[in-house]
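# Observations on the model geometry
So you can see what is in the structure, the chains are spelled out below.
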2 protein chains.
Amino acid sequence: MIRSARRLERIRRVLARRQPGLTVVMENIHDPHNVSAVLRTCDAVGVKQVELLYTQEKFPRIGKKSSSSANKWIERRKHISVDSCFATLKSEGFVVLATCVGGGTRSLYDIDLTRKTAFVFGNEHRGVSPESARAADLQVEIPMMGMIESLNVSVAAAVCLYEALRQRLEAGMFDDPQLSEEDLHSLYETWVTL
Amino acid sequence: MIRSARRLERIRRVLARRQPGLTVVMENIHDPHNVSAVLRTCDAVGVKQVELLYTQEKFPRIGKKSSSSANKWIERRKHISVDSCFATLKSEGFVVLATCVGGGTRSLYDIDLTRKTAFVFGNEHRGVSPESARAADLQVEIPMMGMIESLNVSVAAAVCLYEALRQRLEAGMFDDPQLSEEDLHSLYETWVTL
């Protein structure tokens, strides 16, 4: 397959900005449009891999529309329980942040997101499970000043992930590759075939 | 109509945080789900009124689902042309920011959003019109580090509006009412009947 020099350059630049220290746990997110929107935002902020925690729902079938193609550029890892998902992430050094609505939690804007950070986003109706909220290192709240008491999950994910991007931009974390030479090379070899 | 003390208190608190100096121009946004999501985010960050600039599409019919009910809490003003919309906003002291993808624009994170700020968000396919981009005070870019070259419009709106919220939180703009006594009173009288 022949790829233009421009595309190869784009792939190199995107890989040089990928943030292996930023991930998302999708916990039973149901609607394929939401899943697609979250993946698209993940791609935009440099998430390399997302964690799929589907214990009550099936991971939805995602359409092939261009808006959904972020799919290709994000690796996915499956987990069978909250325990094993969080144990894996913590063993890898991630701080696990459950995003919650209301109630004694820490504001998104008071947290250092330049550390290895895993955001947990929950199902559209049930939110993050009580189990996940308990097992997380912190319960994070997005400040809300209005009459409606929740945000769409893809909006909540965008707000959190872009705050991480903002902090990481300020810290210069997009200036030098965060991936190892080996990962950069092997991902490049894969991506040029996509 | 009888409202609980708790609800009346909530209405008071929300009105005390409304930001008349932050608005959104919806330019031909087509999909009712996107319109609903943008309105819901507007409510969450304290937008009091949005500007409808529907020159090529009709403003979509919004469903009555709970997730759409932000509708009730946001005033809407219609404009018939880019010129009259922008002239009105500028005469009111707003800095008009067209959100664009790529190309010689200023990063969202390099702009002071504590000033009177109007964000323009465009149609899902066409984006902000060239006319609006030209007439705006600034073309604002959301940094994107990934392979996909655009964001969902409701995600883009969330990223911009929450950056405004973050800056305004830091500046203490949610600590004291931004609305006049008169507006606080008249909105309260309306809202208790909704």
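As a reminder, the structure under discussion sits directly above these lines.
Please read all numbers here as calculations on a predicted model, not as lab measurements.

## A short note on the interface of chain A and chain B
At the interface, 38 residues of chain A touch 38 residues of chain B. Taken over both partners, the interface formed by chain A and chain B buries close to 3400 Å², and the fraction arising from carbon and sulfur atoms is 65%. Its largest share of buried area at the contact with chain B, chain A owes to Arg40(A), Met145(A) and Met147(A), together 25% of the area lost on that side. Linking chain A with chain B are 2 salt bridges, by the criterion used here. Its salt-bridge partner being Glu149(A), residue Arg10(B) comes within 3.4 Å of it at the nearest N-O pair. Between the two partners, chain A and chain B, sit 16 residue pairs in polar contact (both at pLDDT 80 or more). Within the residue set of the side of chain A that touches chain B, elements represented by two or more residues are α1 (5-17), α2 (32-45) and α5 (153-170) of chain A. Ranked by residue count, the leading element in the side of chain A that touches chain B is α5(A), at 9 residues. Of the residues in the side of chain A that touches chain B, the class split is 22 nonpolar, 7 polar and 9 charged.

## Things to note about the relation of the copies chain A and chain B
Screw-axis analysis of chain A against chain B gives a translation of 0.0 Å along the axis, an RMSD of 0.0 Å, and a rotation angle of 180°. Both copies are brought into coincidence by an operation consistent with a two-fold rotation axis. A share of 100% of interface residues in chain A that are also interface residues in chain B marks the association as one of identical surfaces.

So, how was this worked out
- Residues numbered from 1 in each chain as written.
- Chains lettered and ligands numbered in written order.
- Predicted model: local features only at pLDDT ≥ 70, side-chain atom pairs only at ≥ 80, totals over all residues.
- Heavy atoms only, no water.
- Contact = heavy atoms within 4.5 Å.
- Buried area = accessible area lost by both parts, 1.4 Å probe.
- Salt bridge = Lys/Arg side-chain N within 4 Å of Asp/Glu carboxyl O.
- Polar contact = N/O pair within 3.5 Å; in protein donor to acceptor, adjacent residues only side chain to side chain.
- Helix = DSSP H or I, 4+ residues; strand = E, 2+ residues; numbered from the N terminus.
- Nonpolar A, V, L, I, M, F, W, Y, C, P; charged D, E, K, R; others polar.
- Least-squares fit on C-alpha atoms with pLDDT ≥ 70 in both.

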